[in-house]
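# Fold and geometry: a report
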There are 2 protein chains.
Amino acid sequence: MHLQKYERIPRATIARLAVYVQELEVMEQQGIKVISSEKLAWSCGVNPSQIRKDLAYFGEFGVRGVGYYVYELREAIKQSLGMDRTWNVVMVGVGNLGRALLRHHLLRKRGFVIVAAFDCDPFKIGEEIAGIEVQCTSKLPQSTIDMGVEIGIITTPPERAQRAANYLIEGGIKGIVNFAPSRITAPENVVVEYVDFIHNLFSVAFNITQHQIKGLL
Amino acid sequence: MHLQKYERIPRATIARLAVYVQELEVMEQQGIKVISSEKLAWSCGVNPSQIRKDLAYFGEFGVRGVGYYVYELREAIKQSLGMDRTWNVVMVGVGNLGRALLRHHLLRKRGFVIVAAFDCDPFKIGEEIAGIEVQCTSKLPQSTIDMGVEIGIITTPPERAQRAANYLIEGGIKGIVNFAPSRITAPENVVVEYVDFIHNLFSVAFNITQHQIKGLL
DNA sequence: TGTATATTGTTAAAAATTTCACTATGCACC
DNA sequence: GGTGCATAGTGAAATTTTTAACAATATACA
Ligand SMILES: NC(=O)c1ccc[n+]([C@@H]2O[C@H](COP(=O)([O-])OP(=O)(O)OC[C@H]3O[C@@H](n4cnc5c(N)ncnc54)[C@H](O)[C@@H]3O)[C@@H](O)[C@H]2O)c1
Ligand SMILES: NC(=O)c1ccc[n+]([C@@H]2O[C@H](COP(=O)([O-])OP(=O)(O)OC[C@H]3O[C@@H](n4cnc5c(N)ncnc54)[C@H](O)[C@@H]3O)[C@@H](O)[C@H]2O)c1
């Protein structure tokens, strides 16, 4: 077990470490055994020092003069991120996006197991998607407590997100990923993360415009 | 038209501006006409100075001693982000996620119109989803040129993402949003943005663990 | 065993971003 | 018109994050 030095770790570091894992997996499949920070950086689109710095928060995983052993590094990062275990997840709101996520097999592969899904629409209750039966939202709090679920995913319409969050909080959840484009309030001890990929479209659109403006100057 | 001062704008600012728009819309629906940076900050989960600073990149939109007029500010931000127009978008890969996005009406509301969808699976070609007929990928480059499409969304499996990107690039696209968990290479003049919400799950999981560790100390 | 080479871990510098503190200004009411 | 109050805009300070530089060290090979 590698000791994490006790420093606050930049959230950007966490996101990058996840990318490193992803690229290391590709490399492993290609039969690459050893990789330098320079080459890994190149394929992740970051600076080599950045990689070494990011890793330094968690320990020493490389061999000077040699590089990193792909398999070992991947495992070490996963362990550092707490990804060497599985997390039980529940979903609230089984609509278009919810269904897509339920059918997304990569979640399980990454250690996130959706153990239950809830919706308030009586027409959806009882339906089975990817082996999960949709249940009535009223059962949520007790279920999550019983199953020891730690993470909740919200995929309801935005105006229902707070209500969904309240159920999850009542169910003793420790973290929420909210896909609805609305802010929610939760107690201090509940970690909340927002996902909204329209932001990414905004960002691309904005950068295209900037590019064009720059081109004209 | 507000003049953008010529400075590089932090990418985080762009993401936040999109959140401000979202919250301003909610406030507008609630009949709120004027808002202070402090109150807006509160509901967006950021610092008030941050809001004022973010806005300052694009101009002066408020009234000292009063605050910001909700409607005007929203419009001003949208204009600054280049969101006062519509963007034509194409999708490559109509699977679980692709379908969800095609049916996601908020995209259109935000000015992103999916004008065509492509897949290489013969069983999917010809199918109609949310009014869009799935076409064969081989038609992509010519179609995007003909329709003047500027943004491409990739929702293929990761190992196909580069191929999808190549089609888009051939079709003269200016920006790509890649939902597949793999890096792609594209010419300098093509803006690429990656979306992977497993990162957000990682982040929540990590923060839950940290929280618990901190609790123990 | 010694030397050259590669590449990490780490410290220091630079750059970017956020927050603070203060100034300027608009509004309401006397 | 003057005064008090609220709040935007802004330059400077603080903080965070990234990048660069280099010392430490493992390997290969003479
Ligand atoms: N569809 C997409 O691709 C997409 C993309 C990005 C974000 N989103 C966001 O994700 C959310 C869901 O989108 P969608 O397209 O799946 O919408 P949807 O309308 O298809 O699904 C929403 C589901 O939530 C259920 N629901 C509503 N209130 C509920 C409650 N209180 N408790 C439990 N379930 C409840 C509804 O019955 C419905 O099944 C929205 O907020 C949307 O903005 C969707
Ligand atoms: N399902 C989700 O909720 C989800 C969530 C996050 C990320 N993703 C990612 O999004 C991508 C799509 O996921 P999915 O669940 O929709 O997968 P999927 O297998 O359901 O869909 C992929 C689609 O891409 C098509 N395709 C494959 N190669 C193609 C090519 N060269 N050109 C055009 N089309 C091609 C396939 O025919 C299929 O229809 C994956 O990379 C996945 O990791 C999915």
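Right, let's walk through the structure included here.

Thresholds, definitions, all that
- Residues numbered from 1 in each chain as written.
- Chains lettered and ligands numbered in written order.
- Predicted model: local features only at pLDDT ≥ 70, side-chain atom pairs only at ≥ 80, totals over all residues.
- Heavy atoms only, no water.
- Near = heavy atom within 4 Å.
- Polar contact = N/O pair within 3.5 Å; in protein donor to acceptor, adjacent residues only side chain to side chain.
- Areas by Shrake-Rupley, 256 points an atom, 1.4 Å probe, with all protein chains shown as cover.
- Helix = DSSP H or I, 4+ residues; strand = E, 2+ residues; numbered from the N terminus.
- Nonpolar A, V, L, I, M, F, W, Y, C, P; charged D, E, K, R; others polar.
- Least-squares fit on C-alpha atoms with pLDDT ≥ 70 in both.
- Contact = heavy atoms within 4.5 Å.
- Buried < 20%, exposed > 50% of the residue type's maximum accessible area, 1.4 Å probe, protein only.
- Pairing = 2+ DSSP bridges.
- 1 Å grid on protein atoms, 1.4 Å probe; cavity = no way out; pocket = protein on both sides within 12 Å on 5 of 7 lines; lining within 4 Å.
- Points joined across faces, edges and corners; volume = space filled by probe spheres on them.

Quick look at the site of ligand 1 now. As a matter of local geometry, ligand 1 sits amid 24 residues, with Asn96, Leu97, Asp119, Lys124 and Thr156 of chain A nearest to it. Mapping the residues near ligand 1 onto chains gives chains A and B. At 2.5 Å from an oxygen atom of ligand 1 is found a side-chain nitrogen or oxygen belonging to Asp119 of chain A. For ligand 1, an oxygen atom lies 2.7 Å from a polar atom in the backbone of Thr156 of chain A. For ligand 1, whose unbound accessible area comes to 820 Å², protein coverage reaches 89%. Residue assignment for the shell around ligand 1 shows that the elements contributing at least two residues are α5 (96-102) of chain A together with α5 (96-102) of chain B. Residues belonging to the shell around ligand 1 are distributed by class as follows: 13 nonpolar, 7 polar and 4 charged.

Glancing now at the relation of the copies chain A and chain B. For the pair chain A and chain B, the best superposition has an RMSD of 0.0 Å and corresponds to a rotation of 180° with a translation of 0.0 Å parallel to the axis. These values place the two chain copies in the arrangement generated by a two-fold rotation axis. Of the C-alpha atoms belonging to chain A, the one lying closest to the rotation axis is found on Ala100 of chain A, 3.3 Å away. Comparing interface residues between copies, 100% of those in chain A also sit at the interface in chain B, which points to an isologous, same-surface contact.

Around ligand 2, the structure places 24 residues, and the nearest of them are Asn96, Leu97, Asp119, Lys124 and Thr156 of chain B. More than one chain reaches ligand 2: its neighbouring residues belong to chains A and B. One nitrogen or oxygen atom from the main chain of Asn96 of chain B is found 2.9 Å from an oxygen atom belonging to ligand 2. In this structure, an oxygen atom belonging to ligand 2 sits 2.8 Å away from a main-chain N or O atom of Leu97 of chain B.

On to the pairing of strand β4 (residues 112-119) of chain A, then. Sheet faces and side chains relate simply in a regular strand, where the side chains alternate between the two faces. Residues and elements named next belong to chain A. Of all 8 residues making up β4, 7 are buried, and the element is well covered by its neighbours. In the sheet, β4 pairs with strand β6 (residues 132-136) via 3 bridges, with the strands oriented parallel. From the neighbouring strand, Ala117 faces β6, where its bridge partner is Val134.

Next up on the list: empty space enclosed by the protein. Per the stated rule, a full pass over the model turns up 3 cavities of 30 Å³ or more. Within this model, the largest cavity holds a volume of roughly 60 Å³. Forming the boundary of the largest cavity are Ala18, Val21, Gln22, Leu106 and Arg110 of chain A together with Pro181, Asp196, Ile198, His199 and Phe202 of chain B. Mapped onto the lining of the largest cavity, the elements with two or more residues apiece are α1 (11-29) of chain A together with α9 (198-216) of chain B. Put simply, the second largest cavity is a space of about 40 Å³. Split into classes, the residues belonging to the lining of the second largest cavity amount to 4 nonpolar, 4 polar and 2 charged.

The next subject is the protein's contact with DNA strand C. Neighbouring DNA strand C are 25 residues, the closest being Ser37, Arg52, Gly62 and Tyr68 of chain A together with Arg16 of chain B. The share of sugar and phosphate among atoms of DNA strand C within 4 Å of the protein is 71%. One of the side-chain N or O atoms of Glu60 of chain A is found 3.1 Å from a sugar or linking oxygen in DNA strand C. Note that a phosphate oxygen of DNA strand C is positioned 2.9 Å from one of the side-chain N or O atoms of Arg16 of chain B. Elements with a minimum of two residues in the surface near DNA strand C: α3 (48-56) of chain A together with α3 (48-56) of chain B. Element by element, the count of residues in the surface near DNA strand C is highest for α3 of chain B, at 4 residues.

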